[in-house]
Amino acid sequence: MKRNEGAPRSSVPPHEKGQGITPAAKVVLLAAGSVVAIFGAYEVIERLWLTHVDMETLHLLHMARGVLSTLVAAAAVYWLLSRTPFLLLAKPFPIAGASQSSAHSADEEPTSFSRWFIQMRWVAVGVASFLVVAAVKLFKLLPEDVWWPLVGILLALALSNLYYASLLRRGKNPLAVQAYADLVFLHLLLHYSGGIENPLALIAIFHVIMGGILLTRRQCYLVAGVAAALFSVMAVSEWNEWLAHYTLLIFPHGEGKEIHAAHETIYVFSRVLLQSAILLLVAFFITGLAERARLLARKAHEMAEQVLAEHNLLEQALQSAGVGIRVLEREVPTAWCNDQWSRWFEDHPSETGRAADVGGENDLPARKTLEDGSARTGEIVVQSAKGARHILQVTAVPIRDDRGTVRRVAELAMDVTEQKEAQKQIIRAGQLATVGELAGYVAHEVNNPTAVISGKARLLLSNHREEMSAGVADEIGKMVELSERVTGIAQNLLSYCRPFISARMPLDIRLVIRKALAMVEQRAKTGGVRLAETASRRLPPVRGSMGELEQVFLNLFLNALDAMPGGGCLTVEAISGGRLNDGSPCLSVNVDDTGAGIPEGIRDRIFEPFFTTKTASKGTGLGLAICRNIVHSHGGDIEAVNLPRRGARFTVRLPLRKEADRG
C-alpha cells in the first residue's frame, strides 16, 4: 500500500504538541522552582520585617525554611506525577517494562535506560562543577580548604561515568550500581558543602524518583533506604563531631559565637526523621505511579498490537480483493492507494497523481465528487504495462469530516472487462438469433431461384451447346458457377448461425488457394493488384471441406484487395512445419497485402461478428467472423498482424491429416 510522501505530516503526537520541555526537566524545574520561591520569599520577608529579630529565633526560622522547602518540593513533584501519570511514558524519559517504540525491544530497554542515566550524570557533573566554583571561588560561601576535596569528588564522579560508559559498550548494564554510587557521591558533596544545612540535601528525592521509574519496586525502596541511611550517618556524624562540619554562609551562624544547625539536637534528628520519612513516602508513591504507568503502557502496547493486527488483516483483505482503492484529498492528490490501483494506473499519472477532471471519455469521477459531494460511477479504459486492456468501473464516494465538509474522496475501481465481454456475447447471441431466422428465410428465398437459374443454364448447355458460340457457352457456364456460389454463400450464412460439421476429406491446400485466386483474378487486374503465390513443392494434405476453406481464402483475398485501393501486391504463401497452440503439427497459409495495415485499436475486434470498418453498402461484418468459425471447426486457428514495413498478414493454420486418416 502506497502513500503520498510529499504531503506534510506532523510527526509530533497530539498530546505532545506545544511541549518544548522534557518530562524529566519538568520535574526538576518544578522542584527547584519551589525551593527558589520559598528561599526568595523568605529573603524578602527577612530583609523587610525580620531585621531586629535575635539570632536564635532567626536560626530556628532558617531551619524551618529548610524543612518547608523539602516538604513543598516533595509535594510539588508528587502533584505533578499524580496529575499526569503518562508523563512517565514520554520520551526521552524511559520506563522499565514499558513498550517504547518499534526501535527499542524489551532486551534493549535496560541499555537505553543506562545510556540515558549516563547522559544525565554528565549534566549533573557540569551543574555541580559550576556550583562548586561559584560557592568556593566566586562568592566565598564555603571555606577554601574544601576546594580540593570537592574537585576530587567531581573528578571521581566523571571517571566513574566513563567507566559506566565502557561497561555499557561491553554489553554490561551498570544501572543499579550507578544509582547507589551516585548517592555516595551526593552525600560526600553535601558533607563538604554545609552538610545538613545545605538546602540541596533534598536532591536525594530525585534519586528515589529515578529509582521508582527505572528500577523495580524493591530496588526503589533499597535506594530510598540507602539515601536515608547515608543522610542519617552524615547528620549524626557532624552532630557528634565525628566528622568536621563545613560552614555554608548562606545559612546564618550568628556573630561572635557561631550557632550551627548541624549541632542542634532537635534540628538534626527532626531533619533525619523527616528526610527518611519523605524518601520512603516518595518511594511508595512513585513506585505506585510507575507501576500504574507500566500497566497502562502494557495495555496500550497490547491495544497497539491488536490495532496493528487488524490493520494488517484489513490491508491483506484490500490487497487480495482484486479491486483498486484510492483515497484523494483536496490538498494531496493521492493520499493512499493499494497495489492493485497502482498496477492499473502506473502508466497513467493523471489518474494516480491527481484527481482527474471529469468530462473526457476516460476521466475518473473524483473531481466532481470533491466539488459537490455526490457519489457517482463511471468507466475508464486503461492499458497495463504488459499491454493488457482493462475496462474499469470506478465508483467515487465522499468522505465527510465532523462538520459534514467533503475533504476526501474514496475511489473503488473494479475490473468489469469479463462482464463487458459477457454482455457482448449476449448481444451477439441475440444478433445471431435474428440472423438465424433471416438466414433460413434467405436460404429458402434465394436457393429456389438460384436452383432454377442453375438448372435452366445447365439444360441450355446440355441441349443447345452446338447452337451456341463459344463465348455464349462460357457466359452460361459462369452463370451456373455464380449460381452455385450464391447458394454456397447462403449456406455459409446459415451454417454460421446454425453450425454443423460438413463432410471432411483429404485436400491439397494449393488447389483450394488457386481456385480462390481465380475468382478474384479479374478484380485484381482491374484494381492494379499483382497476385503472387508461393508454395512448397510438396505439402502434406489437410483434412477439410473444399467449399468452406475456399470461402475462407476468398474472404481473405477480397479483404486484401479492399485494403489496396491504389494497387499493390497480394502474396499467398503456404508452408509446412509450424505448430498449433496445442503443439500439434500444422500447415500455415500467409495472406499478405501492401495496404495501410490494421489500426492497433481495432485489431482485437476484427474477428467479432458485425464489426466492420467498411461502409454499409460494402460490408456486413460477418466475413472474418465466418472465416474464424470455419477455421476453428477444422481444428485450426487464424490471426492477423501488421507487417514491419507496410501492410497486414493473415495467417491460417490447419492441422495436418493424421496417419490414421490416410488409410
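Predicted model, so just to flag it, every value in this text is computed and none were measured.

**A few points about the overall build of the protein**
Looking only at helices and strands, the protein has 16 helices and 13 strands in total. When each of the 663 residues of the protein is scored for burial, the buried share is 41%. For the protein, the proportion of contacts with a sequence separation of at least 24, taken over those separated by at least 6, is 67%. Summed over its atoms, the accessible surface of the protein is roughly 36,200 Å², and 60% of this surface lies on carbon and sulfur atoms.

**Description of the pattern of salt bridges**
In total, this model carries 16 salt bridges according to the counting rule given. In this structure, aspartate 182 engages arginine 121 in a salt bridge whose closest nitrogen and oxygen atoms are separated by 2.6 Å. Here aspartate 182 is found in helix α5 (residues 175-191), whereas its partner arginine 121 is found in helix α3 (residues 109-138), with 61 residues between them in sequence. For aspartate 182, a relative accessible area of 8% corresponds to the buried category. Residue classification places arginine 121 among the buried positions, given a relative accessible area of 3%.

**Comments concerning unusual backbone geometry**
A positive phi angle, near 55°, is found at lysine 140, a position not held by glycine. Residue glutamate 241 is not a glycine yet carries a positive backbone phi of 65°. You can see glutamate 241 is positioned in the loop between α7 (217-239) and α8 (265-320).

**Considering the environment of lysine 515**
By the element assignment, lysine 515 lies in helix α14 (residues 509-527). Taking relative accessible area as the criterion, lysine 515 reaches 44% and is therefore assigned partly exposed. In sequence terms lysine 515 and phenylalanine 553 are 38 residues apart; their C-alpha atoms lie 9.4 Å from each other.

**Remarks on the packing of helix α4 (residues 147-169) against α5**
Running from N to C, α4 and α5 cross one another at 170°; their axes reach a closest spacing of 10 Å. By the criterion of interaxial angle, the relationship of α4 to α5 is roughly antiparallel. Counting all contacts with α4, which are made through Leu150, Ile153, Leu154, Ala156, Leu157, Ser160, Asn161 and Tyr164, the residues of α5 involved are Val177, Gln178, Ala181, Asp182, Phe185, Leu188 and Leu189. By residue class, the composition of the contact of α4 with α5 is 11 nonpolar, 3 polar and 1 charged.

**Concerning helix α16 (residues 623-633)**
For α16, the set of buried residues is Leu624, Ala625, Ile626, Cys627, Ile630 and Val631. Just downstream of α16 lies glycine 635, where phi reads positive at about 85°.

**Focus on the packing of helix α6 (residues 204-214) against α8**
Two numbers describe how α6 lies on α8: the axes approach to 8 Å, and their chain directions differ by 25°. By the angle between their directions, the pair α6 and α8 is classed as roughly parallel. Classified by chirality, the crossing of α8 by α6 is right-handed. Of the residues in α8, those in contact with Ala204, Ile205, Val208, Ile209, Gly212, Ile213 and Leu214 of α6 are Gln275, Ile278, Leu279, Val282, Ala283, Ile286, Thr287, Ala290 and Arg294. For the contact of α6 with α8, a count of residues per class yields 12 nonpolar, 3 polar and 1 charged.

**A look at the side chain of asparagine 555**
Mapped onto the elements, asparagine 555 comes out in helix α15 (residues 546-562). With relative accessibility at 14%, the residue asparagine 555 sits in the buried group. Asparagine 555 has contacts with Gly623 and Cys627, leaving out every residue within four places of it along the chain.

**Quick notes on the nonpolar core**
By size, the foremost hydrophobic cluster in this structure holds 41 residues, and its most contacted members are Ile509, Ile513, Phe553, Leu556, Phe557, Val589 and Phe650. Those elements that provide at least two residues to this core are α14, α15, β10 (568-579), β11 (585-592), α16, β12 (637-642) and β13 (648-655). Here the element with the most residues in this core is α15; it accounts for 8 residues. Apart from the residues within four sequence positions on either side, isoleucine 513 is in contact with Phe553, Phe557, Val572, Ala574 and Val589. Val35, Trp116, Phe231 and Val268 belong to the second largest nonpolar core, which has 40 residues in total.

**Thoughts on the packing of aromatic side chains**
Inspection of the entire model under this criterion finds 6 aromatic pairs. Relative to tryptophan 148, the ring of tryptophan 147 has its centre 6.3 Å away and its plane inclined at 70°; by these criteria the two rings are edge-to-face. For tryptophan 147, a relative accessible area of 16% translates into the label buried. We classify tryptophan 148 as exposed; its relative accessible area is 65%.

**Topic: the sheet that holds β12**
Pairing is mixed in the open sheet, where 5 strands are placed in the order β8-β10-β11-β13-β12. Each edge of the open sheet carries a strand with a single partner, namely β8 (529-535) and β12. Pairs of neighbouring strands in the sheet enclose a mean axial angle of 20°, with direction left out of account. Seen against the sheet, α14 touches β8, β10, β11 and β13 and runs at an angle of roughly 165° to β8. Its contacts with the sheet place α15 against β8, β10, β11, β12 and β13, and it is angled at close to 170° to β13.

**Considerations on α6**
For α6, the buried fraction is high: 11 of the 11 residues fall into the buried class. Taken together, the buried positions of α6 are occupied by Ala204, Ile205, Phe206, His207, Val208, Ile209, Met210, Gly211, Gly212, Ile213 and Leu214.

**Here we look at the confidence of the model for the protein**
Mean pLDDT over the protein stands at 77; residues scoring 70 or higher make up 76%. For the stretch residues 5-20, pLDDT sits under 50, and the model shows 6 contacts to residues farther than four places along the chain or on other chains. Between residues 659-663, whose pLDDT stays under 50, and residues either more than four places distant or in other chains, the model counts 5 contacts.

**Topic: the pairing of β10**
Relative to β10, β8 runs parallel, the two being bridged by 7 bridges. Its bridge partner being in β10, threonine 534 is matched across the sheet by glutamate 573. Sheet topology note: the β10/β11 ladder contains 8 bridges and is antiparallel. Residue pairing for β11: threonine 571 is matched across the bridge by aspartate 592. Hairpin remark: β10 followed by β11, antiparallel, with 5 residues in the connecting loop; positive phi at glycine 583, about 90°.

Calculation rules
- Residues numbered from 1 in each chain as written.
- Predicted model: local features only at pLDDT ≥ 70, side-chain atom pairs only at ≥ 80, totals over all residues.
- Heavy atoms only, no water.
- Helix = DSSP H or I, 4+ residues; strand = E, 2+ residues; numbered from the N terminus.
- Buried < 20%, exposed > 50% of the residue type's maximum accessible area, 1.4 Å probe, protein only.
- Contact = heavy atoms within 4.5 Å.
- Areas by Shrake-Rupley, 256 points an atom, 1.4 Å probe, with all protein chains shown as cover.
- Salt bridge = Lys/Arg side-chain N within 4 Å of Asp/Glu carboxyl O.
- Axes fitted to C-alpha atoms, helices over the stretch in contact; angles between N-to-C directions.
- Parallel < 35°, antiparallel > 145°, perpendicular 65-115°, else oblique.
- Nonpolar A, V, L, I, M, F, W, Y, C, P; charged D, E, K, R; others polar.
- Left-handed = near helix turned anticlockwise from the far one by under 90°.
- Core = buried A, V, L, I, M, F, W, Y, C linked by side-chain atoms within 4.5 Å.
- Phe/Tyr/Trp six-rings, centres within 6.5 Å; stacked < 30°, edge-to-face > 60°.
- Pairing = 2+ DSSP bridges.
- pLDDT = per-residue confidence, 0-100.

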